[in-house]
Structure formats: structure tokens, C-alpha cells
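# Analysis of the macromolecular model
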Amino acid sequence: MRRPAAAAAALALVLAAGTACGDDEPAPGAGGETTTIEVTFEDGTVTPSGERVEVDVDGEVELVVQAEEAGEIHVHSNPEQLLEYGPGTTTLPITLDQPGVVEVESHELGQVIVQLQVQ
Ligand SMILES: [Cu+2]
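All figures in this text were calculated on a predicted structure; none of them were measured in a lab. (Residues numbered from 1 in each chain as written. Predicted model: local features only at pLDDT ≥ 70, side-chain atom pairs only at ≥ 80, totals over all residues.)

## Section: the overall build of the protein
Along the backbone of the protein there are one helix and nine strands. Along the protein, helices and strands appear, N-terminal first, in the series α-β-β-β-β-β-β-β-β-β. (Helix = DSSP H or I, 4+ residues; strand = E, 2+ residues; numbered from the N terminus.)

## Considering the sheet that holds strand β8 (residues 100–106)
Strand pairing within a sheet occurs via backbone hydrogen bonds; the two strands may be parallel or antiparallel. Read across the open sheet, the five strands follow the order β3-β9-β8-β5-β6; overall the sheet is mixed. In this open sheet, the two strands that pair with only one neighbour each are β3 (51–55) and β6 (81–85). Going across the sheet, the axis of each strand differs from the next one's by a mean of 25 degrees, ignoring polarity. Sheet topology places strand β5 (residues 71–75) next to β6; five bridges connect them, and they run antiparallel. Looking at the pairing, Gly71 lines up with Tyr85 of β6. (Pairing = 2+ DSSP bridges. Axes fitted to C-alpha atoms, helices over the stretch in contact; angles between N-to-C directions.)

## What to know about the pairing of strand β4 (residues 60–67)
If a strand is regular, its side chains alternate between the two faces of the sheet. Across seven bridges, the pairing between strand β1 (residues 34–42) and β4 is parallel. Counted as the bridge partner of Thr35 is Val61 from β4. In the sheet, β4 pairs with strand β7 (residues 88–95) via eight bridges, with the strands oriented antiparallel. Directly across from Val65, in β7, lies its bridge partner Thr90.

## Focus: the nonpolar core
In this structure, Leu96, Val104 and Leu116 are the most contacted members of the largest nonpolar core, which totals 18 residues. When residues of this core are traced back to their parent elements, those giving at least two are β1, β4, β5, β8 and β9 (111–118). Ranked by residues supplied to this core, first place goes to β9 with four residues. (Core = buried A, V, L, I, M, F, W, Y, C linked by C-beta atoms within 7 Å. Buried ≥ 20, exposed ≤ 12 C-beta atoms within 10 Å, placed from the backbone.)

## As for the environment of Glu84
Its location among the elements puts Glu84 in strand β6. Discounting chain neighbours no more than four positions away, the residues touching Glu84 are Ala70 and Glu72. (Contact = placed C-beta atoms within 7 Å.)

Shown next, in the form of C-alpha cells:
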């Protein structure tokens with residue numbers, strides 16, 4: 001008996017575990033892409049600063065945060081998400097399942113980091 005859903009779930013687990021050694025097949029169907037956004041906090045500023053990034057509905061988005069001190073990133077999705085990062089490098093996965101523009105902010109700095117255009 002074929003169980004395509006189970007196969008897809010197994011593949012998702014492999015991807016989530018991050019143990020891929022470079023030869024994985026791309027995930028079938030929509031939403032298989034991972035968008036990586038590097039976010040750097042330094043001297044009271046953050047980069048990027050309000051840039052718009054297009055992402056797929058149900059695609060994986062990873063914020064790779066570099067910071068000297070711990071803090072929080074606020075994702076204006078529905079429901080909203082509060083992501084905590086530590087000093088050093090922190091990878092924060094986000095999944096966005098509704099189309100629209102989602103602002104990712106640092107409330108400490110009062111700044112929009114990126115606008116995710118989910119489509
Ligand atoms: Cu906010």
C-alpha cells in the first residue's frame with residue numbers, strides 16, 4: 001500500500017533534523033523551499049532594515065540571528081509569534097501559512113527588520 005503522506009512526513013523530519021549531506025531531493029509539491037534571512041544586531045542597529053522578502057505560503061523561513069546580547073523578535077503573523085534569541089548565533093524557524101505581508105520587528109529597537117511577503 002502506498003502512503004505518500006507518510007513519505008512526505010518522513011522527508012520533512014529529515015529536513016528538520018538538519019542532517020542532510022547535500023544530495024537530498026527537493027521536497028515535492030508547493031512550499032518546499034527554505035528562505036534563509038540573516039539578521040545582525042550590532043551597536044543598537046539591526047540589518048536588514050525593512051527590506052521586503054518574498055516567501056512561499058507554507059514555505060520554511062529561517063532567521064539566522066547574530067547578536068551580542070539576547071533579545072526578542074516579534075513576527076506579526078496571525079497568530080503573532082515572539083521569537084527569542086541568545087548571544088551569538090541563533091536560528092529561528094518560522095512557518096507562515098497565510099498569504100499577506102508579515103512584519104518582523106525588533107520592539108527593543110522599534111525597527112522593522114524584514115517584511116515577509118507571503119504568497
Ligand atoms: Cu511587533
